[in-house]
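Coordinate inspection notes
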Amino acid sequence: MARPDRYIGRFAPSPTGPLHFGSLIAAVASFLDARARNGLWLLRIEDLDPPREQPGAARQIIHCLQQHGLHWDGEVLWQSRRHAAYRAALDTLLASGKAFVCDCSRSQLQDSGGIYPGTCRHRALHPASRGAVRARVTRGAVCFEDAIQGQVCQQLDTEVGDFVIRRRDGLIAYQLAVVVDDAHQNISHVLRGADLLDSTPRQIFLQRQLGLPTPYYAHVPVAGNPQGQKLSKQTHAPALDAQCAVTNLLAALQYLRQPEPPPQARTDPAAVLDWSARHWHLEAVPRQRLISLC
């Protein structure tokens, strides 16, 4: 299936907490890349993991984006309303033998070094059996050209193994949901944090297995704390203060190595983003996977 003719990008946060500076970097980069190309910028809330979600976080995220002038096109897509589409993709993979049920426990797999050893791939467990569903990977490298990080290759069979697309608790895994939704929204370009770079070959593999288009990818460096840890809820990253929206945007632009807007373009978030979209240079974004903040 071919990519869409028009540039369509997206920002897809998970509502596990309020937006922090690391989230803003990814949002600003994807927004500016879309606007610089006269494209669409969509918003998807990836609310598929209720145990990890924070009550009210989704609405906080939406409000924070608006306060920073990051206005999306069309309606927000909520993954929690897309279960039928995920089940259909899962059934397709199971029916064609491209996925299988695995009832291995974590303790049974703990000695595998994080690479699934193929324990259940020939057992033909019934799809209704209690267990996870794994994609059946094939030999050969999955390679793609990242617009920032360069060529990336991953040998799924030896570096990852058959990976989970439905968890043991019945929740759809991120790898499958993101592939189904990118195709549903006709996403042509995915610009996101480099913490997801290693997941991309798995997503490309699933796209090929389902006959779906592969977007263009670009992975920006992840912001880290002084200890070199990715900014996140787990590392106690502070929530963005929307009262400092212009300052936050200018800091994100500096992190992305973009031109500094002149004083007359700093009157409000909309002015900052409008000027920056007209002066956006993807090639200036650093190639590192993580940059620690002072």
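Below is a short write-up of the structure.

As for the nonpolar core
If you look at the biggest cluster of nonpolar residues, it comprises 46 residues, and the most contacted ones within it are Phe 21, Val 28, Leu 65, Leu 70 and Leu 256. For this core, the secondary-structure elements that each account for two or more residues are α1 (21-36), β2 (40-45), α2 (57-67), β10 (216-220), α8 (245-255) and α9 (269-278). What Leu 70 contacts, discounting residues up to four positions off in sequence, is Leu 24, Ala 27, Val 28, Phe 31, Trp 41, Leu 65 and Leu 273. Membership of the second largest hydrophobic core comes to 34 residues, among which are Phe 144, Ala 177, Ile 204 and Leu 206.

Points about the state of the cysteines
Within the structure shown, the criterion is met by one disulfide. The disulfide partner of Cys 143 is Cys 153, and the S-S distance across this bridge is 2.1 Å. An S-S torsion of about 115 degrees defines the bridge between Cys 143 and Cys 153 as right-handed. Taken together, the residues span a long stretch of sequence, with Cys 143 in strand β6 (residues 141-146) and Cys 153 in strand β7 (residues 150-155) at a distance of 10 residues. Since its relative accessible area comes to 30%, Cys 143 is described here as partly exposed.

Examining the pattern of salt bridges
Following the criterion strictly, the structure yields 13 salt bridges and no others. Linking Arg 289 and Asp 198 is a salt bridge whose minimum nitrogen-to-oxygen distance equals 3.2 Å. One end of the pair, Arg 289, is in the loop between α9 and β12 (290-292); the other, Asp 198, is in the loop between β9 (189-193) and α7 (200-210), and 91 residues separate them in sequence. Classification of Asp 198 by relative accessible area gives partly exposed; the value is 37%. Residues joined by salt bridges that share partners form a network here, namely Arg 10, Arg 44, Glu 46 and Asp 182.

Observations regarding α7
Counting buried positions over the 11 residues of α7 gives 10, a clear majority of the element. Where α7 ends, the next residue or the one after it, Gly 211, has phi of about 70 degrees, a positive value.

Quick notes on the rules
- Residues numbered from 1 in each chain as written.
- Predicted model: local features only at pLDDT ≥ 70, side-chain atom pairs only at ≥ 80, totals over all residues.
- Heavy atoms only, no water.
- Core = buried A, V, L, I, M, F, W, Y, C linked by side-chain atoms within 4.5 Å.
- Buried < 20%, exposed > 50% of the residue type's maximum accessible area, 1.4 Å probe, protein only.
- Helix = DSSP H or I, 4+ residues; strand = E, 2+ residues; numbered from the N terminus.
- Contact = heavy atoms within 4.5 Å.
- Disulfide = S-S within 2.5 Å.
- Salt bridge = Lys/Arg side-chain N within 4 Å of Asp/Glu carboxyl O.

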